[in-house]
Every structure is written in structure tokens, then in C-alpha cells.
Amino acid sequence: MSVTRRVAFDDNSVLVELYGVHDRNLARVEQLTNTKMRARANQLEIGGEEDDVAVAHKTLTSLYERLKRGLAVDTADVDAAVRFSRVDGAGSDEGIRTRKRTINARSPGQREYLTALRERDMVFALGPAGSGKTYLAVAMGVSLLLAGKVERMVLSRPAVEAGERLGFLPGDLKEKIDPYLRPLYDALHDMVPAEQIAKRMEDGDIEIAPLAFMRGRTLSHCYVILDEAQNTTAMQMRMFLTRLGEGSRMVVTGDPSQVDLPRGEKSGLADAVDTLSHVEGIRFVRLSSKDVVRHDLVTRIVEAYDARDRAKSKG
């Protein structure tokens, strides 16, 4: 049923930011909620199907309250507000503080993930590219390191399609390894000034290393991340998980649909899910295309591949 709802905002000082430059934020909410809006001063008219109008109204109300608290609103915040409004109308105000920014959940799935990261010593995050698995894990690690709650951060990835065969690549060991660890560096640089990263790496507070370097170690009082875990073997995964030492926390992230292991080799991530799903103290969080916060096109790509895979499995 088509309805029209009118809303008035009493604080004119934040309306420019709420509406966006050339009403860009309003246009984005219209696009995502399939509604039509007309603004006149502090009065806003929202038209469309009843459920869509309700989502648009909740979205704009939550963004308005955010601005009144002195927080900024950008396109990503608008998208996140729509996602939350479709579920329960409320987002997560408790963000992760880093040197450069405060990082908030941008979907209900990410909110669940942040809760797990805060509450559990071992978390597995499974989901597609762009769903925030690695970025949020690094953000939590940075926050805990800066607060002195852990002594070190250790970030690891399986290198070169899980086989870690680096010999044929040019350069010294660091030059061979760095391209495979670059996404971890990128996330760190988004949260901590470059000179601080360099100093902490020199002091050993932050370590970025391929999975092979984890053998034989016990990681105590650390925040440990294993990224791209779908490309570990079952033996590698078992080795990594048993590195967990006193006072440490561990996050394992991966996309089960992007396994690069040789045909017939079971992914260590899948093996861990099967083996550890009932172990007390471990939390498994499954993110989906609904949690993808990159370009809209990435969400549609993920959904298209998922639909094809479902069709193949039925066939």
C-alpha cells in the first residue's frame, strides 16, 4: 500500500549535513529504499510503499540523531543506517577507536562480529570479499594494542596459494613475502600513522609474517590474526590454532568460496569448522553479501556467484 509520511527536524543546523551536498544523502536513501522524497526547509515528505517508507524514516531519524551527537555522516554511514533500519532500526554506537579513526559496524552481521571479537578469545569469521572480516579484526587488534591490553599483534597469511613456495620469486625474503601480506599492511595504515607502524614493527609490537613462520612458536599475550584461512591445509590450521598461549586472543578469517588449494585437498578452514563447531569458547560468525560494504557492484557480483553455486549444487 502506497503511503506518504511527513517528518520535521527541529535542529536546522544539521540539515545540510543530513541531506548532503545537493541532497546527495536523500537521493541515496531514496535509491536504497525505493521511496520518493521532497524537502522544504526542515520539513521532509517521504512517499512509497508502507514498509519502504518506514525504513527510510528510521534511516533518516538515526542519521539525524547521529549528527546531533556531533558525529559525521558520509555515504557509507547512510548505507549502514539503511541496513540497520531494515532489521531493527538501530545501529551500533560502540565503535573501535584507533589512532586515525573510530570504526563502526556497518551491518547487523558486522555488529555480531564485533560483539564476538569483544567477548571471545577465539573467533572464526567466514564471509565474502568486502564483508569486513579482516578490516574489523585488525581494527580490534590495534585498539587492544594501543590500550595496552595485549603486548603484541601478530598478523599472518598463507603465502602463495597456501603452498608457500617462494623460491621462484625475485628478491630477498621480505620482497618475496610482502605482496601476499599487503592487505594486512593496508588495513594497518588506515588506522595507525605510518611512522608509528614502522616503530612498532621495529620494536616487535607488530609482526606480519607468513603462516610458515608460526611453526614451533607459542604466542602469549598477543592478538593473533590468520587471514585467508581457506587456503590453509588441515595440518597448517591445526598447527596455527595450537600456537595460542596465555593471555592471547585469536581471529581466523576466510572466504570458503575462494579456496586455492590443489583439487582434492580439504581446506583447513572447512576442517576447523567441522571439527570445532561444538568446542566451548570458540565463536563462528558467518557474514554474507548483505554485509559487503564495498562498491554496490561487489555485492551484486557476490550474489551472482552465490546464486550460480547454489544452482550447481542442486543440479
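Before reading on, note that the structure itself is shown above.
1. Looking at the sheet that holds strand E6 (residues 122–126)
Okay, so step 1: Taken together, the six strands give an open sheet; going across it, the order is E8-E7-E9-E10-E6-E11, and neighbouring strands pair in parallel fashion. At either end of the open sheet lies a strand with only one pairing partner, and these are strand E8 (206–210) and strand E11 (282–286). Mean inter-strand twist for the sheet, computed between neighbouring axes without regard to direction, equals 15 degrees.
Okay, so step 2: Of the pairings in the sheet, the one linking E6 to strand E10 (residues 249–254) comprises five bridges and is parallel in character. For phenylalanine 124, the partnering residue across the bridge sits in E10 and is valine 252.

2. Brief notes about the nonpolar core
Okay, so step 1: Ranked by size, the top nonpolar core spans 36 residues in total, and within it Tyr113, Val138, Met153 and Tyr223 carry the most contacts.
Okay, so step 2: Every element with two or more residues in this core is listed here: helix H5 (108–119), E6, helix H6 (133–146), strand E7 (152–157), helix H7 (173–189), E8 and strand E9 (222–226).
Okay, so step 3: With eight residues, the single largest contributor to this core is H6.
Okay, so step 4: In this structure, tyrosine 113 is in contact with Val123, Ala125, Gly132, Lys133, Leu136, Ala137, Val251, Thr253, Val285 and Leu287, ignoring residues within four places of it in sequence.
Okay, so step 5: Counting 24 residues, the second-largest nonpolar core is a separate cluster that includes Met122, Ala209, Ala272 and Val273.

3. Overview of the pairing of E8
Okay, so step 1: Buried residues dominate E8, accounting for four of its five residues.
Okay, so step 2: Two elements, E7 and E8, share five bridges in a ladder whose sense is parallel. Paired with arginine 157 across the two strands is proline 210, which belongs to E8.

4. Some thoughts on the pattern of salt bridges
Okay, so step 1: In total, this model carries 15 salt bridges according to the counting rule given.
Okay, so step 2: The closest approach of N and O atoms between lysine 68 and aspartate 10, which form a salt bridge, is 3.9 Å. In this pair, lysine 68 is assigned in helix H3 (residues 50–68) and aspartate 10 in the loop between strand E1 (2–8) and helix H1 (15–19), connecting sequence segments 58 residues apart.
Okay, so step 3: Across the salt bridge formed by lysine 266 and aspartate 274, the nearest N and O atoms sit 2.8 Å from each other.
Okay, so step 4: Salt bridges sharing partners connect three or more residues here, namely Arg6, Arg38 and Glu45.

5. Observations regarding the side chain of serine 248
Okay, so step 1: Mapping serine 248 onto the fold places it in the loop between helix H9 (234–241) and E10.
Okay, so step 2: A distance of 2.9 Å separates the side chain of serine 248 from the backbone nitrogen of cysteine 222, its partner in a polar contact.
Okay, so step 3: Leaving out residues up to four positions away in the same chain, serine 248 has contacts with Asp121, Leu219, Ser220, His221 and Cys222.

6. A word on helix H2 (residues 24–33)
Okay, so step 1: Taken together, the buried positions of H2 are occupied by Asn25, Leu26, Arg28, Val29 and Thr33. Looking straight down H2, one finds its buried side chains confined to an arc of 160 degrees; they lie on one side. Residues of H2 that are exposed and point more than 90 degrees away from the buried face comprise Arg24 and Gln31.
Okay, so step 2: Asparagine 34 occupies a position one or two residues after H2 and carries a positive phi of about 60 degrees.

Criteria and thresholds
Residues numbered from 1 in each chain as written. Predicted model: local features only at pLDDT ≥ 70, side-chain atom pairs only at ≥ 80, totals over all residues. Heavy atoms only, no water. Pairing = 2+ DSSP bridges. Helix = DSSP H or I, 4+ residues; strand = E, 2+ residues; numbered from the N terminus. Axes fitted to C-alpha atoms, helices over the stretch in contact; angles between N-to-C directions. Core = buried A, V, L, I, M, F, W, Y, C linked by side-chain atoms within 4.5 Å. Buried < 20%, exposed > 50% of the residue type's maximum accessible area, 1.4 Å probe, protein only. Contact = heavy atoms within 4.5 Å. Salt bridge = Lys/Arg side-chain N within 4 Å of Asp/Glu carboxyl O. Polar contact = N/O pair within 3.5 Å; in protein donor to acceptor, adjacent residues only side chain to side chain. Arc of directions from axis to C-beta.

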